[in-house]
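# Tertiary structure, described
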Amino acid sequence: MSERSSKPKKENLYSRLNGNGTHKGILINILIVNFFYRIFGEGFRVLLIPFAEDIMNWTDYEYGLILAIGGYASMAVVFLLGIVVDIQFKRTTMVVGLICTIVSAVVFTRVSILALSIVFYGLFAIGQQLMMISTNTFIANETKKGQDRTRGFTANQTTRGIANALAPIISMYMLTIPGLNFDWAFTIMAGFAVVALILVFTLKLVVEETPKAEIEYAEKLSKDSQDEFTQFSDKKEDKKSILGVQVSFGLGRMLMGFTSGVAIPFVGWYIYAEFLTDNYINATEMWGWLNCIFWIVLTFGYILMGLFAEKIGKEIIIVISWALVIPAAVGIMLANTFYVAAIFYIIRAFFAMCPSAAWNSFMYEWIAPKHRGKTLGILQTGQRGMRATGTLIGGLAFASLGTILFPIAMTAYPIAGLIPLIQSKIVKKRLAKQKKDEKE
């Protein structure tokens, strides 16, 4: 036998997934990193409201202003971040995102000037977006169309739910320890982001030697699993059809971004200020337990959606779930006790957030791997910009309208889901007709 023939055949990128499960192991590693990051991220979110209400005494407008400008800051850079995600390994972009959020958490409470609070919250928002784009693009590139991808995003959301259920308990418990104030609570929670950063360097997160090879692997996976965009040719008309669906996702995200910006930041703010601050001695502890139960329920919801979304039809389940957000918002508006408000607060979040794995799975079917980072960057730019605008308006709107603002804003949710659903159906119907005509 010749020396050439005795050499083992070089293994291609796609065969490695089925051969030794290396890519599956990496997917697990990314979930581990995200678990520790999510404990930190949710801890920051939970601590923010009592810090703003009890320590800083910010008004509705000031609270909305900080969140809005943070949203504008992330919007300003998120498209560029998406491009970086496409041309660099996801590990590189995750490192940058983690460093941004760690610095923000350590400094945020240690400044007393509103302008500086805005700057460091903006840094946190930028880091959050970079972690989100990196993680979601990674999962999309490592999974096949359909149940496999939906399960990948469901696993990510389930990990997030468990982490977010632990975060309120940890963060609120720290505030009960003598000598531990908000400065130290935020800093200690940042320790979980430091753990995530260490894991990014120690866990195996890439297989291929270059980002280009990583994209080639994802393209092979998309083609074999027949992602929707692979059904179209390179003709100008077909490219326009795919772009049309992507634009419909953008319109849906922008609509949801604006209306959720108007209402969502003020739902928790309202419940804490209206039902907890003056009525319970242990207001921060009650707020922590509410958020813990909130995420436990959502975790089961993520699992439930992951099991049935593909069987029922992920596009349909998204629209139905988002329509049910409206009566839940009415429940919050009419609630006259903390416990009633808390129940509807959880129900609203259940129907609003649990379909997110199905939404991501649906969306990535229409985006080629080599464009996923930048496309998501564009979509997030629109969504974050509209959300920031909504939050800026929301502070004034909530002060003027009160809780009736919640159900009014929620009416946009099912519309946001219907826009890409209808557009994708139109494009697929046109493609089927085109193929039928060509065959005839």
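Predicted model, so just to flag it, every value in this text is computed and none were measured. Note on numbering: residues in each chain are counted from 1, in written sequence order. For a predicted model such as this one, the threshold for reporting local features is a pLDDT of at least 70, and the threshold for listing and counting side-chain atom pairs is 80 or more; totals across whole chains, interfaces and linings nevertheless cover every residue. With hydrogens and water excluded, all non-hydrogen atoms of the structure serve as input to the side-chain values.

Per the convention used, a helix needs a DSSP run of H or I reaching at least four residues, while a strand needs a run of E reaching at least two, with both numbered from the N terminus. A tally of helices and strands in the protein chain yields 18 helices and zero strands. Its C-alpha atoms give the protein chain a radius of gyration of 23 Å, within 12% of the compact-globule value 22 Å for 440 residues. Principal axes of the C-alpha set define a box for the protein chain whose edges measure 80 × 50 × 35 Å. Each residue's exposure class comes from its accessible area (1.4 Å probe, protein chains only) as a fraction of the maximum for that residue type: buried when under 20%, exposed when over 50%, partly exposed otherwise. Relative to its full complement of 440 residues, the protein chain shows a buried share of 56%. Counted over contacts in the protein chain with a minimum sequence separation of 6, partners at least 24 positions apart contribute 86%. Neither His nor the chain ends is counted toward charge; the positive residues are Lys and Arg and the negative residues Asp and Glu. Where a charge sits is defined by one atom per residue type, namely NZ (Lys), CZ (Arg), CG (Asp) or CD (Glu). In the protein chain, the 41 positive side-chain charges and the 31 negative ones have mean positions that sit 8 Å from each other. Within these notes, the globule rule equals 2.2 Å times the number of residues to the 0.38 power, and the radius of gyration is based on C-alpha atoms. Should any heavy atoms of two residues lie within 4.5 Å, those residues are considered in contact.

A few words now on the packing of aromatic side chains. Within 6.5 Å between ring centres, the rings of Phe, Tyr and Trp (the latter by its six-membered ring) count as paired, and their orientation is classed by plane angle as stacked under 30 degrees, edge-to-face over 60, tilted in between. Per the counting criterion, the structure on display carries 34 aromatic pairs. Consider the rings of Phe108 and Phe186, whose centres lie 6.0 Å apart with planes at 50°: the pair is tilted. Of this pair, Phe108 sits in helix α5 (residues 90-108) while Phe186 sits in helix α8 (residues 182-202), and the two are 78 residues apart along the sequence. The same class applies to Phe108 and to Phe186, which are both buried. An aromatic cluster is defined as three or more aromatic residues linked by ring pairs; in this entry it consists of Tyr37, Phe40, Phe44, Phe51, Trp58, Phe108, Tyr121, Phe124, Phe182 and Phe186. By definition here, charges over rings are those cases where NZ of Lys or CZ of Arg is within 6 Å of the ring centre and within 35 degrees of the ring normal. Lying over the aromatic face of Trp184, Arg110 brings its terminal NZ or CZ to 5.6 Å of the ring centre.

Now for the environment of Tyr61. Within the fold, Tyr61 resides in helix α4 (residues 60-87). Using a relative accessible area of 40% as the deciding quantity, one classes Tyr61 as partly exposed. Along the primary structure Tyr61 and Phe398 are separated by 337 residues, whereas in three dimensions their C-alpha atoms are 9.1 Å apart.

Moving on: the confidence of the model for the protein chain. Each residue gets a pLDDT score, which is the predictor's confidence in that residue and runs from 0 to 100. Scored by pLDDT, the protein chain has a mean of 83; 91% of the residues are at 70 or more. In the model of the protein chain, helix α2 (residues 13-20) stands out as the element of lowest mean pLDDT, 38, in contrast to helix α13 (residues 325-334), which has the highest, 94.

Below, the discussion takes up the nonpolar core. The biggest cluster of nonpolar side chains holds 119 residues, and the ones touching the most others in it are Phe40, Phe108, Ile271, Leu298 and Phe406. When residues in this core are grouped by element, the largest group, 15 residues, is from helix α3 (residues 22-55). Beyond its immediate chain neighbours, meaning those up to four positions away, Phe406 contacts Ala263, Phe266, Val267, Tyr270, Ala329, Ile332 and Phe398. As used here, the term nonpolar core means buried Ala, Val, Leu, Ile, Met, Phe, Trp, Tyr and Cys residues forming a set that is joined through side-chain atoms within 4.5 Å.

In what follows, salt bridge is the name for a side-chain nitrogen of Lys or Arg lying within 4 Å of a carboxyl oxygen of Asp or Glu. One pass over the structure, following the stated rule, counts eight salt bridges. Between Glu42 and Arg45 there is a salt bridge, and its shortest N-O distance comes to 2.6 Å. Residue Glu42 and its partner Arg45 are located together in helix α3, separated by three residues, close to a single helical turn. When the shortest N-O distance is used, the salt bridge between Glu310 and Lys314 registers 3.0 Å. Accessibility expressed as a relative area gives 5% for Lys314, which makes it buried. Taken together, the salt bridges that share partners define one network made up of Lys145, Glu228 and Lys428.

Attention now goes to the packing of helix α6 (residues 114-141) against helix α7 (residues 147-174). To obtain each axis, a line is fitted to C-alpha atoms, and for helices this fit is confined to the stretch in contact; angles are then taken between N-to-C directions over 0 to 180 degrees. Where α6 contacts α7, the axes come no closer than 9 Å and their chain directions differ by 150°. With respect to the hand of their crossing, α6 and α7 are arranged in right-handed fashion. Of the residues in α7, those touching α6 at Thr135, Asn136, Ile139 and Ala140 are Arg149, Gly152, Phe153 and Asn156. Throughout this entry, Asp, Glu, Lys and Arg are counted as charged residues, while Ala, Val, Leu, Ile, Met, Phe, Trp, Tyr, Cys and Pro are counted as nonpolar. The remaining residues, Gly among them, count as polar. Broken down by class, the residue content of the contact of α6 with α7 amounts to three nonpolar, four polar and one charged. Crossing handedness is defined as follows: a turn of the near helix away from the far one that is anticlockwise and smaller than a right angle gives a left-handed crossing, while the clockwise case is right-handed.

An α-helical turn contains 3.6 residues, so any two residues separated by three or four positions project in the same direction. A helix is expected to span 1.5 Å for every residue after the first. In this model, α6 (28 residues) spans 41 Å end to end at C-alpha, consistent with the 40 Å of a helix rising 1.5 Å per residue. Judged by how many residues are buried, α6 sits mostly within the fold: 22 of 28 residues are covered.

The topology assignment puts Trp269 in helix α10 (residues 236-276). Residues within four places of Trp269 in sequence aside, it is in contact with Ile49, Ala52, Glu53, Trp58, Thr59, Asp60, Tyr63 and Phe398.

The subject of this paragraph is the packing of α10 against helix α18 (residues 412-439). Two quantities define a packed helix pair, namely the angle between the helix axes and the distance between the axes. Orientation of α10 relative to α18, taken along the N-to-C sense of each, is 175°, at an axis distance of 8 Å. For the element pair α10 / α18, the angle class is roughly antiparallel. Here is the rule for angles: anything less than 35 degrees is roughly parallel, anything more than 145 is roughly antiparallel, 65 through 115 is roughly perpendicular, and the remaining ranges are oblique.

One fitted axis covers the seven residues ending at a residue, a second covers the seven starting there, and the bend at that residue is the angle between these axes. Of all the bends in helix α16 (residues 372-401), the largest measures some 35° and sits at Gly394. One or two steps after α16, the chain reaches Gly402, where phi turns positive at roughly 75°.

It is worth spelling out a nonpolar patch on the surface at this point. Each patch is built from residues that are more than 30% exposed by relative accessible area and take part in no salt bridge. Like charges join if they lie within 9 Å; nonpolar side chains (Val, Leu, Ile, Met, Phe, Trp, Tyr) join within 5 Å. Accessible surface is estimated by sampling points in the Shrake-Rupley manner with a 1.4 Å probe; for residues, cover comes only from the protein chains shown. On the surface, a nonpolar cluster with roughly 670 Å² of combined accessible area is contributed by Ile296, Phe300, Ile303, Leu304, Leu307, Phe308 and Ile312. With respect to the helices and strands, the residue Leu304 is situated in helix α11 (residues 283-312).

This brings us to unusual backbone geometry. One non-glycine residue with positive phi stands out, namely Asn57, at about 55°. Mapped onto the secondary structure, Asn57 falls in the loop between α3 and α4. By relative accessible area, which is 55% here, Asn57 ends up exposed. Non-glycine residue Gln226 carries a positive phi angle of around 60°.

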